[in-house]
Amino acid sequence: MTEQSPENKKSKRKAPHPLFRLLDFAGPYKILTVVGCALSGLHSLLAVMPLVCVWFIMSQFVAVAPQWSEASGAAFYAWLAVGFAVAGVVVYFAALMCTHIAAFRTGNNMRKAATHHLSKVPLGYYDEHSTGELRRVIDGCAGQTESVLAHKFPDFVGALITPVVFVVVMFIFDWAMGLACLVPIAVSFACIWRMMGGGGSDENSSYLTFVSNYQQALNRMNAAATEYVRGMPVVKVFQQTVDSFNAFKEAILQYRDMAHGYSKLCEKPQVVQIVAINSTFAVLVPASILLAGAAGDFASFFTDFLFYVVFSAVTTSMMTKILYASEAAAMAQDAVMRIEGILFTPEMPCCSAKGGRASGTCDIVFEGVSFTYPGADAPAVKNVSFAIPEGETMALVGPSGGGKSTIASLVPRFWDVDEGRVLVGGVDVRDVPRSELMDSVSFVFQNTRLFKRSLIDNIRFARPSATRAEVEAAAHAAQCDDIIAKLPEGLDTVVGAKGVYLSGGECQRIALARAILKDAPIVVLDEATAFADPENEALIQRALARLTHGKTVLMIAHRLSTVVGADRICVVENGAISESGSHGDLVESKGVYRRMWEDYQKSVSWRIGGGANDAA
Ligand SMILES: Nc1ncnc2c1ncn2[C@@H]1O[C@H](COP(=O)(O)OP(=O)(O)OP(=O)(O)O)[C@@H](O)[C@H]1O
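All figures in this text were calculated on a predicted structure; none of them were measured in a lab.

**Re the overall build of the protein chain**
Thinking step 1. Each helix and strand counted, the protein chain has 22 helices and 10 strands in total.
Thinking step 2. For the protein chain, buried positions account for 35% of its 616 residues.
Thinking step 3. The long-range fraction of contacts in the protein chain, counting pairs at least 24 apart against all pairs at least 6 apart in sequence, stands at 78%.

**Brief notes about the site of the ligand**
Thinking step 1. If you check the shell around the ligand, you find Asp127, Glu128, Tyr373, Ala376, Ala380, Ser400, Gly401, Gly402, Gly403, Lys404, Ser405 and Thr406 and nothing else.
Thinking step 2. Contributions of two or more residues to the shell around the ligand are made by α5 (125-128) and α13 (404-410).
Thinking step 3. Looking at the shell around the ligand element by element, the count peaks at 3 residues for α13.
Thinking step 4. Tallied by class, the residues present in the shell around the ligand amount to 3 nonpolar, 6 polar and 3 charged.

**A closer look at the sheet that holds strand β4 (residues 419-424)**
Thinking step 1. Strand order in the open sheet formed by 4 strands is β2-β1-β4-β5, with antiparallel pairing between adjacent strands. Where the open sheet ends on each side, the last strands, each with one partner, are β2 (381-388) and β5 (427-428).
Thinking step 2. Where strand β1 (residues 364-371) lies against β2, 5 bridges are found, and the strand directions are antiparallel. Note that in β2 the partner of Phe371 across the bridge is Val381.

**Describing the sheet that holds strand β9 (residues 568-573)**
Thinking step 1. One open sheet accounts for 6 strands, arranged β6-β7-β8-β3-β9-β10; its pairing is mixed. Edge strands, defined here as strands with exactly one partner in the open sheet, are β6 (441-444) and β10 (576-581). Put simply, the sheet's adjacent strands are angled 15 degrees from each other on average, direction ignored.
Thinking step 2. Of the strand pairs in this sheet, strand β7 (residues 522-526) and strand β8 (residues 552-556) are connected by 5 bridges, and their pairing is parallel. Paired with Ile522 across the two strands is Thr552, which belongs to β8.
Thinking step 3. Each of β6 and β7 touches helix α18 (residues 504-518); the most contacted strand, β6, lies at about 175 degrees to it.

**Remarks on the pairing of β1**
Thinking step 1. As defined by bridge partners, β1 adjoins β4 across 5 bridges and the pair is classed as antiparallel. Bridge assignment links Ile364 to a residue of β4, and that residue is Val424.

**Description of the packing of helix α7 (residues 175-195) against helix α11 (residues 280-292)**
Thinking step 1. One way to put it is that α7 packs onto α11 with a least axis distance of 8 Å and a crossing angle of 155 degrees. One way to sum up the angle between α7 and α11 is to call them roughly antiparallel. Classified by chirality, the crossing of α11 by α7 is right-handed. Residues Ala176, Met177, Ala180, Cys181, Val183 and Pro184 of α7 form the contact with α11, whose own contacting residues are Thr280, Val283, Leu284, Ala287, Ser288 and Leu291.
Thinking step 2. Residue composition of the contact of α7 with α11, grouped by class: 10 nonpolar, 2 polar and no charged.

**Things to note about the pairing of β10**
Thinking step 1. As defined by bridge partners, β9 adjoins β10 across 5 bridges and the pair is classed as antiparallel. Looking across to β10, one finds that Glu573 is bridged to Ala576.
Thinking step 2. Hairpin connection from β9 to β10: 2 residues lie between these consecutive antiparallel strands, with Asn574 at a positive phi of about 50 degrees.

**Topic: the environment of Phe84**
Thinking step 1. Here Phe84 shows up in helix α4 (residues 74-118).
Thinking step 2. With 19 C-beta atoms packed within 10 Å, Phe84 lands in the partly exposed category.
Thinking step 3. Sequence spacing of Phe84 and Val48 is 36 residues, and the spatial spacing of their C-alpha atoms is 8.7 Å.
Thinking step 4. Aside from chain neighbours lying at most four places away, what touches Phe84 is Leu46, Met49, Pro50 and Cys53.

**Details of the nonpolar core**
Thinking step 1. One finds Ala395, Leu512, Ala513, Val524, Leu554 and Met555 to be the most contacted residues of the largest nonpolar core, which totals 68 residues.
Thinking step 2. Among the elements that line this core, the one with the most residues is α18, at 7 residues.
Thinking step 3. Met555 has contacts with Thr393, Ala395, Leu525, Val563 and Ala566, leaving out every residue within four places of it along the chain.
Thinking step 4. Listed in part, the 66 residues of the second largest apolar core include Ala95, Ala114, Cys181 and Ala276.

**Focus: the environment of Ala47**
Thinking step 1. In this fold, Ala47 is placed in helix α3 (residues 30-64).
Thinking step 2. By the C-beta count within 10 Å, which is 22 here, Ala47 ends up buried.
Thinking step 3. Distance from Ala47 to Phe84, taken between C-alpha atoms, is 7.0 Å for residues 37 residues apart in sequence.

**As for the confidence of the model for the protein chain**
Thinking step 1. Put simply, the protein chain has an average pLDDT of 81, and 87% of its residues get 70 or more.
Thinking step 2. When the criterion is pLDDT under 50, residues 1-12 qualifies, and its contacts beyond four places in sequence or with other chains add up to 13 contacts.
Thinking step 3. When the criterion is pLDDT under 50, residues 611-616 qualifies, and its contacts beyond four places in sequence or with other chains add up to 9 contacts.
Thinking step 4. Note on the complex model: pTM 0.63, ipTM 0.96.

**Let's talk about the packing of α3 against α4**
Thinking step 1. Their axes nearest at 8 Å, the elements α3 and α4 cross at an angle of 165 degrees. One finds that α3 runs roughly antiparallel with respect to α4. For the element pair α3 and α4, the recorded crossing hand is left-handed.
Thinking step 2. Split into classes, the residues belonging to the contact of α3 with α4 amount to 29 nonpolar, 7 polar and 1 charged.

Parameters at a glance
Residues numbered from 1 in each chain as written. Predicted model: local features only at pLDDT ≥ 70, side-chain atom pairs only at ≥ 80, totals over all residues. Helix = DSSP H or I, 4+ residues; strand = E, 2+ residues; numbered from the N terminus. Buried ≥ 20, exposed ≤ 12 C-beta atoms within 10 Å, placed from the backbone. Contact = placed C-beta atoms within 7 Å. Near = placed C-beta within 6 Å. Nonpolar A, V, L, I, M, F, W, Y, C, P; charged D, E, K, R; others polar. Pairing = 2+ DSSP bridges. Axes fitted to C-alpha atoms, helices over the stretch in contact; angles between N-to-C directions. Parallel < 35°, antiparallel > 145°, perpendicular 65-115°, else oblique. Left-handed = near helix turned anticlockwise from the far one by under 90°. Core = buried A, V, L, I, M, F, W, Y, C linked by C-beta atoms within 7 Å. pLDDT = per-residue confidence, 0-100.

Quick look at the structure:
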């Protein structure tokens, strides 16, 4: 999930087994898991007792045969058997109650811990990890561990108690027949151990490694499938075949190979395990025939035989439970490690105690700022310095991939700089409390995300305490009146439901309404007009003028018409500022900006069927 620091790796090495770490998520409810497992063990013991009673009943009948009515103790043992059976059910119910409560708490705490931690990681982390991926980890892993703790753990403990009881019973009744019944169980255990990777020559043969690889392959396949579905229109338009999505095909093949490889590994042990556990009779019957000759008291020998016949039927379900519990335990370990992948992501460091913008002003200063994305080889921003005095507008322009968005994202601390400082109101943003920084900056992204809620809630997201009148005023200022007028329930229409969809330009106006409602003194605009068609653009420009009035503004724009009025324009190339000045100065200087401006003018005056000159 994420690169871990050496400290994290070290602390991980020292950490207890993942299953114990899983129990730690339960907090005080951990004890309920222990109690539930203990009760499940007791239930296994109680479940054997009716069989022992049956042995006593059979002994009584064999001793008095054929005068059955003289078996006076049979009724007592029958009732005792019923009593044990009922007690077993009650104890098992109590065991499952305990483990279920603990399991749901554990799953819930896992979700809460991961979600809480995600609120503290750098915002740029979300560029690298898709929401789908994070949701799968948080929800999938928590759900996976819930079923393990609620069912598989207690069943496993219960199933482990049964062989112990078996060994004890073996010595109480007839050790030779008991031993015969234990042979298939021992073979079955050996097969399960082999399937779990025991006895494998390399560490990759462990079941946990398989589960981990399996989950990764599944995630890769899911991600590739999502991309495939999203890209379907492109496939159709360009009349490509499914083969054009090689990544999807590769992901499916990888998944197939891995699952097939493990199936091959399990093929023989699983067959032997199933045959062994279902062949107790096949061992018991011949063994009993051999032993019968040497038996002194045949009646009592026959009673023991009947007892083992009944008892051995329990072993099949016992071994099945152990098998599934072992699988589930490996899944739970993998789930814990995935959740920890999120929890070990370094947090965005909190500001120091001295924080706060002492001056209260809202100028922005970059001092020798350099930044490299985690995992990238080259810096995205190199030694960038500039200052935007309070109330002024600075525009970043330049070729795609030059570093404009990265520079803008450093102001609200989506990432922390590697070198230099970003100052807001004279204070390093790392020293400004997060809430204060977020209150000071409005960020309008290129891609606006609207939630599947009413339009009013979407706008109010910027300031939940805003009144309806304030939202309406912000929407009006952002030129959203026509959008609201055409929606069936106006501001109360749920976006994304029942065919209510907004165009890219309309979404951007809603985003501007949000920013206007927030009324932060600093505004960062990253391609806020990117999706504007000519009709929308005029409206967006008006909304922008309303939003940025009197604010400190850092704006990124590809349409140079938007930046002409900026107090200062910086051309960003290869992560550095190559030119800066006002529009007039830069056009005069005959540098990169001048070329960009000329190209831009040609592009806006170009018409199909004629050149720029024709159009002019
Ligand atoms: N999350 C990321 N991880 C790694 N590298 C990134 C990430 N985001 C951007 N980059 C890289 O950083 C460099 C600068 O990207 P940035 O998005 O800041 O450029 P830009 O000038 O805003 O481009 P555009 O105008 O196309 O939006 C590019 O080389 C890009 O590939």
